[in-house]
Amino acid sequence: TREDLDVLVPACVEMFTAEVGVSPVVGGAGAAYRARIAEIVQDRRSFARIDDDVVVFKAEVGAVAQGVCQVQGVWVDRAFRGRGLSESGMAAVVRLARSDIAPVVSLYVNDYNTAARKAYRAVGFREQGAFVPVEFTTGRLDTAVYARETLAPGDRIEGPAIVTQLDATTLIEP
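The structure presented is a predicted model; accordingly, all values stated were derived computationally and were not measured.

Trainee: I would appreciate a short explanation of the environment of Val25 in the present structure.
Mentor: Structurally, the position occupied by Val25 is in the loop between helix H1 (5-20) and helix H2 (30-42). On the basis of relative accessibility, which here comes to 31%, the residue Val25 falls in the partly exposed class. Distance in space between the C-alpha atoms of Val25 and Pro103 is 33 Å, their sequence separation being 78 residues. Apart from residues no more than four positions distant in its own chain, Val25 is found in contact with Val13, Gly30 and Tyr33.

Trainee: Help me understand the nonpolar core, please; the structure alone is not making it clear to me.
Mentor: Soluble globular proteins tend to pack their nonpolar side chains together in the buried interior. Grouped together as the largest cluster of nonpolar side chains are 17 residues, with contacts concentrated most on Val71, Met90, Val105 and Phe125. Listing elements by their share of this core, those giving two or more residues are strand E2 (54-65), strand E3 (68-76), helix H3 (85-100), strand E4 (104-107) and helix H4 (114-122). With four residues, H3 is the largest single contributor of residues to this core. Not counting residues up to four positions away in its chain, the partners in contact with Met90 are Phe57, Val71, Val74, Leu107, Tyr120, Val123 and Phe125. The next biggest cluster of nonpolar side chains, apart from the first, holds 13 residues, and it includes Val9, Met15, Tyr33 and Val41.

Trainee: I tried to follow the packing of aromatic side chains on my own but got confused; where do I start?
Mentor: What describes a pair of aromatic rings is the distance from one ring centre to the other and the angle between the planes of the rings. The full count for this structure, using the stated rule, is two aromatic pairs. When the ring of Tyr120 is compared with that of Phe125, the centres are 6.1 Å apart and the planes differ by 70°; the resulting orientation is edge-to-face.

Trainee: Would you explain a nonpolar patch on the surface in this entry?
Mentor: Together, Val20, Val22 and Val26 make up a nonpolar patch on the protein surface, roughly 250 Å² of accessible area in all. By relative accessible area, which is 49% here, Val26 ends up partly exposed.

Trainee: In this structure, what is going on with the sheet that holds E2? I would like to understand it.
Mentor: Pairing between the strands of a sheet comes from backbone hydrogen bonds, and it takes one of two forms, parallel or antiparallel. Within the open sheet, the four strands sit side by side as E1-E2-E3-E4. Their pairing is mixed. With one partner strand each, in any of the chains shown, strand E1 (46-51) and E4 form the two edges of the open sheet. Sheet twist, expressed as the average angle between the axes of neighbouring strands with direction ignored, equals 25°. Pairing between E1 and E2: six bridges, direction antiparallel. Within the sheet, the bridge partner assigned to Ile50 lies in E2 and is Val55.

Trainee: Please explain the sheet that holds strand E5 (residues 130-136) as it appears in this structure.
Mentor: Taken in spatial order, the four strands of this open sheet run E5-E6-E7-E8, and their pairing is mixed. Two strands lie at the open edges of the sheet, namely E5 and strand E8 (168-172), each paired on one side alone. Averaged over neighbouring strand pairs, the angle between their axes works out to 30° when direction is ignored. Where strand E7 (residues 161-165) and E8 come together, five bridges link them in antiparallel fashion. Along E8, the bridge assignment pairs Thr164 with Thr169.

What counts as what
- Residues numbered from 1 in each chain as written.
- Predicted model: local features only at pLDDT ≥ 70, side-chain atom pairs only at ≥ 80, totals over all residues.
- Heavy atoms only, no water.
- Helix = DSSP H or I, 4+ residues; strand = E, 2+ residues; numbered from the N terminus.
- Buried < 20%, exposed > 50% of the residue type's maximum accessible area, 1.4 Å probe, protein only.
- Contact = heavy atoms within 4.5 Å.
- Core = buried A, V, L, I, M, F, W, Y, C linked by side-chain atoms within 4.5 Å.
- Phe/Tyr/Trp six-rings, centres within 6.5 Å; stacked < 30°, edge-to-face > 60°.
- Patch = residues over 30% accessible without salt bridge, like charges linked within 9 Å, V, L, I, M, F, W, Y side chains within 5 Å.
- Areas by Shrake-Rupley, 256 points an atom, 1.4 Å probe, with all protein chains shown as cover.
- Salt bridge = Lys/Arg side-chain N within 4 Å of Asp/Glu carboxyl O.
- Pairing = 2+ DSSP bridges.
- Axes fitted to C-alpha atoms, helices over the stretch in contact; angles between N-to-C directions.

That's the geometry; what it means functionally is another story.
So, in structure tokens, the structure goes:
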């Protein structure tokens, strides 16, 4: 709720800073960042477990379009990591997102975040691909990477994309 912003925003800042390497509140952007978090809370797309004014687990739904929503900002307080809270928290987020926001729930996770990837698999997520920056004549674009063996007959992929297999790599331009 909006009453939780004073404890929620610092957790959001900590997660963002750890993920991106730069605080979202530098250069006087604190009010704008807080307003964005308040908007997500108001839209009922913020999920958190708060115990005694400590955010133990949090996640938000950022983008929503055409029956799909994307979870972002998943975070567990350092003091509570290793206890399975990300799995139970994500299971609850997925259940609520599917019932209240969109029937399909997606997320992005860094390949080096093995603990998060394990937790997401445990609640039913499966890896669909990866993104890499590719330089095209129109400029640098984040480009999806797919393993051909994970694609089913009839799957349609829009560019930019890269499809890899043992003996070939196919570039699909934008």
